[in-house]
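# Structural features, examined
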Amino acid sequence: MKAIRIHGPRDARLDEIEEPVVTGDDQVKIRIESAGVCGSDLWLYETAPVPDHYRHPAFGESGPHVLGHEMAGRVVLAGRAVTGLAAGDLVAVRPLVADGTCATCRRGETNLCEQRGFVGINGGGGGFSEYVVVPVEQVHRLPAPFTAATGSLVEPLATSWHTVDAVPLTPEDPVLVVGAGPIGIGVLLCLRARGTTRVLVSEPSALRRGLAARWGAEVIDPRETDLARHARAWSERRGVAAAFDCAGAGGEVIGSELRALRPGGHLVVPAEFHARVEIDPTELARHGKRILGSSAYRREDFDAVIRAVADGRLDPTGMITSTIALEDTVAAGLEHLLGAGRDTDIKVLVTAGTSS
Ligand SMILES: [Zn+2]
């Protein structure tokens, strides 16, 4: 079968590899119909941080690995012990593999497993290919109105859902979201699905501001507006209940977010930063403000996103800005999003079909 594999920094190739087969009773073989390109795919493509000889304990495979961890498709074959799934069922794969035995897993924080691995990053095949075989424990059946395209958005949305779950919010609480890329838009959609009515989004890209506004957010351009001052004025001078840093911009931004918070407010950080930041810890001490990190998701976050889409509280279709063929993944997906696509796209999906 065809698969996009990482061979080195900025060296991803469309390779012909062995089609995976079901070898265990609990395994499911899925024909991939849609797979999203994630910011971490861009980072893996640019830096190829894992040497080919390294074998992640979750998979025991050396590289080069197939890329793509946001995927949905149709069941083609299920092992003998699999119940509740039939050939043809539309499913999403939860790519995070936790060992279930480390101290962190035993505390229930499987998203932070000490041996955490991802299908599509550390081995086990990946979404930018034709088929994947995974344990049924990682397979979620998708009810109406899911399509393969929206199914491949469950994974990034589960990350956003877990992020929003980090803070207690009432529907009236004003909330600030900094950055309207895929994570930020996901946070906005999850906030909306959970009843939050007032969201202020700060984002320099006009396209992304437009999308956020479409989902009912008030939007500002941080290059033209003082973030902290505007957020405080917008929240009747009380400050926002929570701020979500989905940009990882570094510099002054974190300080502005902290100043925008009301006393006791939460700053949640799902973004990874590539630059150092300076904060004034007195802002935390004097006003009881809190900074929390959030990483990945658990099974229940996948379930919550699927329920929200099924009952109409969450429609992520508008996140999809282009659809490309597997053969075009490098040029129209990875290279494009590292260049001009950064400002013109939110979510690029790779499909089994043709580009559009
Ligand atoms: Zn663990």
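Residues numbered from 1 in each chain as written. Predicted model: local features only at pLDDT ≥ 70, side-chain atom pairs only at ≥ 80, totals over all residues. Heavy atoms only, no water.

## With respect to the overall build of the chain
Condition: Put simply, DSSP marks the helices as runs of H or I at least four residues long and the strands as runs of E at least two long, and each gets a number from the N terminus on. Between the two quantities, the radius of gyration covers C-alpha atoms and the globule rule is 2.2 Å times the number of residues to the power 0.38. Residues count as neighbours in contact if any of their non-hydrogen atoms are within 4.5 Å of one another. To be clear on the numbers: accessible area is Shrake-Rupley with a 1.4 Å probe, and residue cover counts the displayed protein chains and nothing else.
The secondary structure content of the chain amounts to 12 helices and 17 strands. The globule rule puts the C-alpha radius of gyration for 356 residues at 21 Å, and the 20 Å found for the chain is close to it. Along the first, second and third principal axes, the C-alpha set of the chain runs to 60 × 40 × 40 Å. The long-range share in the chain, meaning contacts at least 24 apart out of those at least 6 apart in sequence, stands at 73%. Here the chain displays about 15400 Å² of accessible surface, and carbon together with sulfur accounts for 50% of that area.

## Remarks on helix α4 (residues 154-164)
Quick reminder: α-helices carry 3.6 residues per turn. Residues three or four places apart thus point the same way. What counts, and what does not: For every residue, the accessible area (1.4 Å probe, protein chains only) is compared with the maximum for its type, and the residue is labelled buried under 20%, exposed over 50%, or partly exposed between those bounds.
Of all 11 residues that make up α4, 11 are buried, and the element is covered over most of its length. If you check which residues of α4 are buried, you get Val-154, Glu-155, Pro-156, Leu-157, Ala-158, Thr-159, Ser-160, Trp-161, His-162, Thr-163 and Val-164.

## Thoughts on unusual backbone geometry
Of the consecutive residues Gly-63 and Pro-64, the connecting peptide bond is found in the cis state with omega at -5 degrees. You can see Pro-64 is positioned in the loop between α1 (39-47) and β4 (70-78). A positive phi is found at Ala-48, a non-glycine position, where the angle reads about 40 degrees. Note on placement: Ala-48 falls in the loop between α1 and β4. On the basis of relative accessible area, Ala-48 is assigned to the partly exposed category, the value being 21%. The backbone of Ala-296 shows a phi angle near 55 degrees, a positive value even though the residue is not glycine. With respect to the helices and strands, the residue Ala-296 is situated in the loop between β15 (290-293) and α10 (299-310).

## Observations concerning the confidence of the model for the chain
The following threshold applies: The predictor attaches a confidence to each residue, and that confidence, scored 0 to 100, is pLDDT.
Here the chain averages 95 in pLDDT, and 99% of its residues register 70 or above. The complex model carries a pTM of 0.95, and its ipTM stands at 0.90.

## What to know about the pairing of strand β8 (residues 131-135)
So the rule is basically this: Pairing between two strands requires that DSSP report at least two bridges joining them.
Among the 5 residues that make up β8, 4 are buried, leaving the element largely enclosed by the rest of the structure. Bridging between strand β3 (residues 27-36) and β8 involves 5 bridges; their strand directions are antiparallel. Within the sheet, the bridge partner assigned to Ile-30 lies in β8 and is Val-132.

## Remarks on the coordination of the zinc ion
Going by this rule: Counted as donors are N, O and S atoms no farther than 2.8 Å from the metal, or 3.2 Å for Na, K and Ca; water is not among the atoms, and sites may therefore look incomplete. Sites are called tetrahedral only when four donors show all angles between 85 and 135 degrees, square planar or octahedral only when four or six donors show opposite pairs over 155 degrees and all other angles between 65 and 115, and irregular in any remaining case.
Here the zinc ion is held by the protein donor atoms Asp-99 (OD), Cys-102 (SG), Cys-105 (SG) and Cys-113 (SG), which lie 2.0 to 2.3 Å from it. Around the zinc ion sit 4 donor atoms, and with donor-metal-donor angles ranging over 96 to 123 degrees the site reads as tetrahedral. All donors of the zinc ion belong to a single chain; written as a sequence motif, their spacing is D-x2-C-x2-C-x7-C. With a relative accessible area of 31%, Asp-99 lands in the partly exposed category.

## Topic: α1
Heads up, the condition is: Here the arc refers to the set of directions running from the helix axis out to each C-beta atom.
Turning to α1, its buried residues number three or more, namely Asp-41, Leu-42, Leu-44 and Tyr-45. Buried residues of α1, viewed axially, fall in a sector of 165 degrees; they line one side. On its buried face, α1 is in contact with β1 (2-8), β2 (11-16), β3 and α11 (329-338). Count one or two residues on from α1 and you reach Ala-48, which has phi positive near 40 degrees.

## Describing the nonpolar core
Formally: Definition of nonpolar core: a set of buried residues of the types Ala, Val, Leu, Ile, Met, Phe, Trp, Tyr and Cys, connected through side-chain atoms within 4.5 Å.
By size, the foremost hydrophobic cluster in this structure holds 80 residues, and its most contacted members are Ile-185, Phe-244 and Leu-314. If one sorts the elements of this core by residue count, helix α5 (residues 182-193) sits on top with 7 residues. Beyond its immediate stretch of four places on either side in the chain, Leu-314 contacts Leu-157, Trp-161, Leu-189, Cys-190, Ala-193, Ala-308 and Val-309. Leu-176, Ile-220, Leu-258 and Ala-260 belong to the second-largest nonpolar core, a separate cluster that totals 15 residues.

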